[in-house]
Amino acid sequence: MKTLVSLSLVAAALLSGCAAAGPKSAAAEPGVATLDVRRTAASTKALDEIAAAYLRLSLEIGTHEPGYIDAYYGPPELQKAAEAAPRDKAALLAATRGLMAQIDLAARRISDPLDRRRAAFLRAQLRAAETRLQMMQGTRFAFADEAERLFGVRPRLKPLASYDAELAKIEKLVPGDGALADRVEAYLDGFTIPKDRLQKTFDAAIARCRGRSIAHIPMPADESFRLEFVTGKSWSGYNYYQGGYHSLIQVNTDLPIRLSRALDLGCHEGYPGHHLLNMKLEERLVRENGWSEFSVYPLYSPQSLIAEGSANYGIDLAFPESGKADTERDVLMPIAGIAVPSDDRYWQLLKAIKRASGARLTIAQQYLDGEIDRPTAVALTQKYMLVSPQRAEQSISFTDQYRSYVINYGLGETMVRAWVERGRPSRDEMWRRMAKIVSEPTLPSDLLAR
């Protein structure tokens, strides 16, 4: 997708000239040996204290909005204390702004590059918390402003008409009478996984996603996940990270599941997506560094752009070029009992649909900014996303629930891809860069060209 973006550099700008470093370790930074150890220790202590306050603050905010906390695996007594006596939203907003001021003050004394990134991360997370608390109290931001304040990205979206050329190409792939969306749906229905074969198909898909990921990124020996099929959700898949290197992965079966979703969800929710990212953050930042702030994951924060972007890009990283089609054709279709097509039209169609997927963000912007009503948003989703009325309704229901969160998928993937593939690196180097993104305090601004 070629949607243009500009990135918020608020966190870096507020660090008194200490721009957020790119994804690299402190050991590789010149001049580390000359640091004032006493000053560094004091700065680290200040960050630890701010991080502890941020952790308690996040848990208390979570008591005011179900789903605000996507994951928490710190001490249970902290969560119980937060739930037992949470401050009201006004007090939490004041506390958030107070912590932001403390970060700004502490940042002036920070010399260590990794600590600077830690401070920038905390500052960006707090700005997102401030924004969400304002929204909880009735403040409404324009779509682009909301996205930038919550996720660190200001989207510049293409007009819907710019996707008409892609629809014309799809017309040639699926000729016939009737609406194009109906023809596409009818064709793709032929690749639906029977319900009695979902478990085996997804088990095989996730195993291959894991195998390709562990060949490049080491994982804890005791990592694991549990897979469930659920109903009544606005999303197609979800990873609930539970700490201790374990996840619960849920797949929504409200609508028939097509074969393409097996590897997509296996990579996105599992490896090298959400499960792997959360494991590496726990392993490297929480357990090794003792950074308590990473034991909590507020959903409406810059963490989500990194999480969704790396999870989406991870599909192509794990299965480059024809790797995905070959795996689906040779492995998954036989398991699912789906007839292998005689040509590659199916995979050409999926690629063309993805190229038009940026239309979803433009529709969300117009809908949330009140430029179009819900029936129009559903109709436009059918037209540009080439889906049934039921799938279009599910898409708009997701936008109703998560609002500007929708930007994190396409824009996040574009940004992660650009950073990982910059300079035409080798496959091994691409995986090394991916490992850095998911193992360090990465912000959207870290993915900027330098």
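Residues numbered from 1 in each chain as written. Predicted model: local features only at pLDDT ≥ 70, side-chain atom pairs only at ≥ 80, totals over all residues. Heavy atoms only, no water.

Looking at the overall build of the protein chain
Phase 1: Helix and strand content of the protein chain: 19 helices and seven strands.
Phase 2: Over its C-alpha atoms the protein chain spans a radius of gyration of 22 Å, differing by no more than 12% from the 22 Å that the globule rule assigns to 450 residues.
Phase 3: Taking the principal axes of its C-alpha atoms as reference, the protein chain extends roughly 70 × 45 × 45 Å.
Phase 4: Residues classed as buried in the protein chain amount to 58% of the 450 residues present.
Phase 5: Long-range contacts, defined as pairs at least 24 residues apart, comprise 74% of the intrachain contacts of the protein chain with a sequence gap of at least 6. (Helix = DSSP H or I, 4+ residues; strand = E, 2+ residues; numbered from the N terminus. Rg over C-alpha atoms; globule rule 2.2 N^0.38 Å. Buried < 20%, exposed > 50% of the residue type's maximum accessible area, 1.4 Å probe, protein only. Contact = heavy atoms within 4.5 Å.)

What to know about the packing of aromatic side chains
Phase 1: For the structure shown, the criterion picks out 16 aromatic pairs.
Phase 2: Ring plane angle 80° and centroid distance 5.4 Å describe the contact between Tyr-73 and Tyr-241, whose orientation is recorded as edge-to-face. Note that Tyr-73 is positioned in the loop between strand S2 (69-72) and helix H3 (76-84) and Tyr-241 in strand S5 (residues 237-241), a separation of 168 residues in sequence.
Phase 3: Judged by its relative accessible area of 3%, Tyr-241 falls in the buried class. (Phe/Tyr/Trp six-rings, centres within 6.5 Å; stacked < 30°, edge-to-face > 60°.)

Some details on the packing of helix H10 (residues 260-270) against helix H11 (residues 274-288)
Phase 1: Close contact between H10 and H11 brings their axes to 4 Å; oriented N to C, the two are set at 15°. Between H10 and H11, the angle is such that the two are roughly parallel. In this structure, H10 uses His-268, Glu-269 and Gly-270 to contact H11, whose residues at the interface are His-274, His-275 and Leu-276.
Phase 2: Residues belonging to the contact of H10 with H11 are distributed by class as follows: one nonpolar, four polar and one charged. (Axes fitted to C-alpha atoms, helices over the stretch in contact; angles between N-to-C directions. Parallel < 35°, antiparallel > 145°, perpendicular 65-115°, else oblique. Nonpolar A, V, L, I, M, F, W, Y, C, P; charged D, E, K, R; others polar.)

What about the packing of H10 against helix H12 (residues 302-318)?
Phase 1: The N-to-C vectors of H10 and H12 enclose an angle of 130°; their axes lie 8 Å apart at closest approach. Taken as axis vectors, H10 and H12 run oblique relative to one another. As for the relative orientation of H10 and H12, their crossing is right-handed in sense. Across the interface between the two elements, Asp-264, Cys-267 and His-268 of H10 pack against Glu-308, Ala-311, Asn-312, Gly-314, Ile-315 and Ala-318 of H12.
Phase 2: Residue composition of the contact of H10 with H12, grouped by class: four nonpolar, three polar and two charged. (Left-handed = near helix turned anticlockwise from the far one by under 90°.)

Concerning helix H7 (residues 164-173)
Phase 1: For H7, the set of buried residues is Glu-166, Leu-167, Ile-170 and Leu-173. Projected down its long axis, H7 shows its buried positions confined to an angular sector of 105°, all on one face.
Phase 2: Against helix H8 (180-189), helix H14 (345-355) and helix H16 (374-385) lie the buried residues of H7. (Arc of directions from axis to C-beta.)

Comments concerning empty space enclosed by the protein
If you roll a probe as big as a water molecule over the atoms, it shows you where there is empty space left.
Phase 1: Here the structure, examined in full by the defined rule, presents five cavities of 30 Å³ or more.
Phase 2: Of the voids in this model, the second largest cavity is the one considered here, and its volume is about 100 Å³.
Phase 3: If you go around the second largest cavity, you meet 14 residues; those closest to its centre are Leu-277, Leu-281, Gln-303, Ile-306 and Thr-442.
Phase 4: Every element with two or more residues in the lining of the second largest cavity is listed here: H11, H12 and helix H19 (427-439).
Phase 5: Class assignment of the residues belonging to the lining of the second largest cavity gives a composition of ten nonpolar, three polar and one charged. (1 Å grid on protein atoms, 1.4 Å probe; cavity = no way out; pocket = protein on both sides within 12 Å on 5 of 7 lines; lining within 4 Å. Points joined across faces, edges and corners; volume = space filled by probe spheres on them.)

Some points on the confidence of the model for the protein chain
Phase 1: Mean pLDDT over the protein chain works out to 91, with 91% of the residues at or above the 70 mark.
Phase 2: Ignoring residues within four places in sequence, the model shows residues 1-39, a span with pLDDT below 50, making 80 contacts including any to other chains. (pLDDT = per-residue confidence, 0-100.)

Looking at the sheet that holds S5
Phase 1: Strand order in the open sheet formed by three strands is S4-S6-S5, with mixed pairing between adjacent strands. In this open sheet, the two edge strands, each paired with only one partner strand, are strand S4 (224-230) and S5. Recorded for the sheet is a direction-independent mean angle of 20° between the axes of neighbouring strands.
Phase 2: Two strands pair when backbone bridges link them, and S5 and strand S6 (residues 246-252) are joined in this way by five bridges, in the antiparallel orientation. Within S6, the position partnered with Gly-237 by the bridge is Val-251.
Phase 3: Packed on one face of the sheet, H10 meets S5 and S6 and runs near 25° to S5. (Pairing = 2+ DSSP bridges.)

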